Amino acid sequence: MIESPLSSELAENRSRTRRRWLMGAVAGAAALGGVGLAWRTYAPQTMPPAADSGLWQLEFPGLDGGVFSMASLRGKPVLLNFWATWCPPCVEELPLLSSFYQEHSAKGWQMLGLAVDQLEPVKRFLVKTPVTFPVVLAGVPGVELSKSLGNLSGGLPFTVVLGSDGVVAHRKIGQVSPANLLAWATLK
């Protein structure tokens, strides 16, 4: 059968139309996914009190071989920072967090660095870049803990602010800014 130029052109137009519809559907799905992610990231989220999640019963290995009990932080505003030595934004924000702790610890603030890492790299790093707040080893299980506190992707750095009542007041996936810390400092 001999194909006419007109039928060939119609077939190509149909094919282009289908591709446009398909690309539009993919773009629409991506846009909806982005809106959903933005809503989940920026919309106020209700979290149960941290005490209900068993957070206060947890203990972590300290860098000195001892054990750090989360119960020692209960009843005070707490900033938990999940970080790792291999994470550039984590390393970059540590001096800012250290300054925040130094300035606000006298006002009752507690801070804990939860290293999602191994002991030796953390010790070597902190010798070169000391911080003013305690750091413990959360290791790989720290990712699951961060997920239970609202970090659904498990990304680093991740910071959680708990009020003195133990309720999650703020969360930040990604590097904290001075503006974040300023806003959080008013928490009691």
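The name given to the chain in an unreviewed UniProt entry is Putative thioredoxin-related transmembrane protein, with Albidiferax ferrireducens as the source organism. Per its UniProt entry, the chain bears the Subcellular location (unreviewed entry) comment "Cell envelope".

Okay, the overall build of the chain next. Across its full length, the chain holds five helices and seven strands. Along the chain, from the amino end to the carboxyl end, the secondary structure elements read α-β-β-β-α-β-α-β-α-β-β-α. Among the 188 residues that make up the chain, the fraction classed as buried is 37%. Contacts in the chain between residues at least 24 apart in sequence constitute 61% of all its contacts with a sequence separation of at least 6. As displayed, the chain has an accessible area near 11,000 Å², and 62% of this comes from carbon and sulfur atoms.

The next point concerns the packing of aromatic side chains. The final tally for this structure, using the stated rule, is four aromatic pairs. Between the aromatic rings of Phe82 and Phe158, the centroid separation amounts to 5.8 Å while the plane-to-plane angle is 35°, which identifies the pairing as tilted. Taken together, the residues Phe82 in strand β3 (residues 78–83) and Phe158 in strand β6 (residues 158–162) connect sequence positions 76 residues apart. According to the relative accessible area criterion, Phe158 is buried, its value standing at 0%. Ring centres of Tyr101 and Phe133 lie 6.4 Å apart, and the angle between their planes is 80°; on these two criteria the pair is classed as edge-to-face. Of this pair, Tyr101 sits in helix α2 (residues 88–104) while Phe133 is found in the loop between α3 (119–128) and β5 (135–137), placing the two residues 32 residues apart along the sequence.

Here we take up the sheet that holds β5. The five strands are arranged β5-β4-β3-β6-β7 in an open sheet whose pairing can be described as mixed. Two strands bound the open sheet, and with one partner strand each, they are β5 and β7 (168–173). Mean inter-strand twist for the sheet, computed between neighbouring axes without regard to direction, equals 20°. As defined by bridge partners, β3 adjoins strand β4 (residues 110–115) across six bridges and the pair is classed as parallel.

For the rest of this paragraph, the subject is the pairing of β6. Of all the five residues making up β6, five are buried; the element is thus mostly covered by neighbouring parts of the structure. Neither face of β6 is exposed, since Phe158, Val160 and Leu162 on one face and Thr159 and Val161 on the opposite face are all buried. Bridge count for β3 against β6 is five bridges, and the pairing is antiparallel. Paired with Leu79 across the two strands is Val161, which belongs to β6. With five bridges joining them, β6 and β7 adopt antiparallel strand pairing. Of the residues in β7, the one forming a bridge with Phe158 is Ile173. Once β6 ends, the chain turns through five residues before running back antiparallel as β7, passing Gly166 with a positive phi of about 85°.

The rules behind the values
- Residues numbered from 1 in each chain as written.
- Predicted model: local features only at pLDDT ≥ 70, side-chain atom pairs only at ≥ 80, totals over all residues.
- Heavy atoms only, no water.
- UniProt positions renumbered as here; feature names shortened; annotations may be inferred.
- Helix = DSSP H or I, 4+ residues; strand = E, 2+ residues; numbered from the N terminus.
- Buried < 20%, exposed > 50% of the residue type's maximum accessible area, 1.4 Å probe, protein only.
- Contact = heavy atoms within 4.5 Å.
- Areas by Shrake-Rupley, 256 points an atom, 1.4 Å probe, with all protein chains shown as cover.
- Phe/Tyr/Trp six-rings, centres within 6.5 Å; stacked < 30°, edge-to-face > 60°.
- Pairing = 2+ DSSP bridges.
- Axes fitted to C-alpha atoms, helices over the stretch in contact; angles between N-to-C directions.

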